[in-house]
Amino acid sequence: GSAVDKLEFLNSVLPGLKSLVDAGIAARRLKPRRTRRADLIPKAQTVIAENLTAEWTADDISKALGVSYRVLNYAFQDYYGLSPYQYFLTERLHSARRQLKSSIATVTEACLGNGFSTPSRFARQYKRLFGELPSETRSKAARERVEVFE
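Note that the coordinates shown come from a computational prediction; the quantities given were computed from them, not determined experimentally.

Engineer: Explain the overall build of the protein to me, using residue names and the numbers behind them.
Structural biologist: Across its full length, the protein carries 8 helices and 0 strands. Written out in order from the N terminus, the α and β elements of the protein read α-α-α-α-α-α-α-α. Here the protein holds 150 residues, and 29% of them are scored as buried. Intrachain contacts of the protein at a sequence separation of at least 6 include 57% that bridge at least 24 residues.

Right under this line is the structure:
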């Protein structure tokens with residue numbers, strides 16, 4: 001309890017408090033958290049579009065963006081209401097659907113060419129999203145093309 005002890009204590013604590021205050025002031029100059037998350041979405045969309053055929057996980061996507069999975073997940077939940085992986089999977093399925101509708105690819109080619117390694121799992125996920133099997137999409141597209149030429 002002497003005055004010298006109290007002074008030494010204050011001198012040891014004050015620099016730490018000052019750095020906390022400085023950090024708080026610097027943090028106030030940053031964009032709000034939601035805005036920073038929204039800024040992440042276009043970058044994530046680009047990384048995903050460039051890697052649709054890769055068998056990536058959400059961790060792979062977050063590492064490519066230099067952010068934690070948690071930050072990426074919050075951004076996608078805020079913006080899409082989906083996890084990053086659900087978005088990635090949906091984009092891959094839409095890519096496969098475009099290929100099937102244009103008849104560029106067989107079902108197997110669309111499956112493997114969009115990063116799916118198991119055709120049965122691909123067909124199940126495809127049907128869950130689009131309400132029809134990939135083969136049905138391809139057949140409908142082929143019939144529509146024939147009708148156009150008749």
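Next comes the rest of the account.
Engineer: Can you lay out the packing of aromatic side chains for me, pointing to particular residues and giving the numbers?
Structural biologist: One pass over the structure, following the stated rule, counts 8 aromatic pairs. Both rings, one in Phe 116 and one in Phe 122, keep their centres 5.0 Å apart while their planes meet at 50°; by these two values the pair is tilted. Take Phe 116 and Phe 122: they sit in the same class, and that class is buried. Ring geometry for Tyr 126 against Phe 130: centres 4.7 Å apart, planes inclined by 55°, an arrangement best described as tilted. Taken together, the positions of Tyr 126 and Phe 130, both in helix α7 (residues 119–130) and 4 residues apart, correspond to about one turn of that helix. Judged by relative accessible area, Tyr 126 falls into the buried class, the value being 0%. Grouping aromatic residues by their ring pairs yields a cluster made of Phe 76, Tyr 79, Tyr 80 and Tyr 87. The ring of Phe 116 carries the charged tip of Arg 92 above its face, separated from the ring centre by 4.4 Å. Above the plane of the ring of Phe 130 lies Arg 97, whose end atom (NZ or CZ) is 4.3 Å from the centre.

Engineer: Residues and numbers for helix α4 (residues 69–79), please.
Structural biologist: Those residues of α4 that sit buried are Leu 72, Asn 73, Ala 75 and Phe 76. One side of α4 holds all its buried residues, which, seen down the axis, span an arc of 160°. Of the residues trailing α4, Gly 81 is marked for its positive phi of about 75°.

Engineer: Describe the packing of helix α5 (residues 84–101) against α7, naming the residues involved and giving the relevant values.
Structural biologist: As a packed pair, α5 and α7 sit with axes 10 Å apart at the nearest point and diverge in direction by 95°. Accordingly, the angle class assigned to the pair α5 and α7 is roughly perpendicular. Across from Tyr 85, Leu 89, Thr 90, Leu 93, His 94, Ala 96, Arg 97 and Leu 100 in α5, the residues of α7 making contact are Arg 121, Phe 122, Gln 125, Tyr 126, Leu 129 and Phe 130.

Engineer: Residues and numbers for a nonpolar patch on the surface, please.
Structural biologist: Residues Phe 9, Leu 10, Leu 14, Leu 17 and Leu 20 make up a contiguous nonpolar surface patch of roughly 510 Å² in combined accessible area. With a relative accessible area of 61%, Leu 20 lands in the exposed category.

Engineer: Before we move on, could you go through the environment of Ile 104 and cite the residues and values that matter?
Structural biologist: Assignment of secondary structure puts Ile 104 in the loop between α5 and α6 (107–113). Between the C-alpha atom of Ile 104 and that of Arg 138, which follows or precedes it by 34 residues, the distance is 9.7 Å. The residues contacting Ile 104, other than those within four sequence positions of it, are Gln 99 and Glu 109.

Engineer: Can you break down the environment of Leu 82 residue by residue, with the values?
Structural biologist: Note on placement: Leu 82 falls in the loop between α4 and α5. You can call Leu 82 partly exposed: its relative accessible area is 26%. Ignoring anything within four residues of it in the chain, the contact list for Leu 82 reads Phe 76, Gln 77 and Tyr 87.

Parameters and conventions
Residues numbered from 1 in each chain as written. Predicted model: local features only at pLDDT ≥ 70, side-chain atom pairs only at ≥ 80, totals over all residues. Heavy atoms only, no water. Helix = DSSP H or I, 4+ residues; strand = E, 2+ residues; numbered from the N terminus. Buried < 20%, exposed > 50% of the residue type's maximum accessible area, 1.4 Å probe, protein only. Contact = heavy atoms within 4.5 Å. Phe/Tyr/Trp six-rings, centres within 6.5 Å; stacked < 30°, edge-to-face > 60°. Lys NZ or Arg CZ within 6 Å of the ring centre and 35° of its normal. Arc of directions from axis to C-beta. Axes fitted to C-alpha atoms, helices over the stretch in contact; angles between N-to-C directions. Parallel < 35°, antiparallel > 145°, perpendicular 65-115°, else oblique. Patch = residues over 30% accessible without salt bridge, like charges linked within 9 Å, V, L, I, M, F, W, Y side chains within 5 Å. Areas by Shrake-Rupley, 256 points an atom, 1.4 Å probe, with all protein chains shown as cover. Salt bridge = Lys/Arg side-chain N within 4 Å of Asp/Glu carboxyl O.

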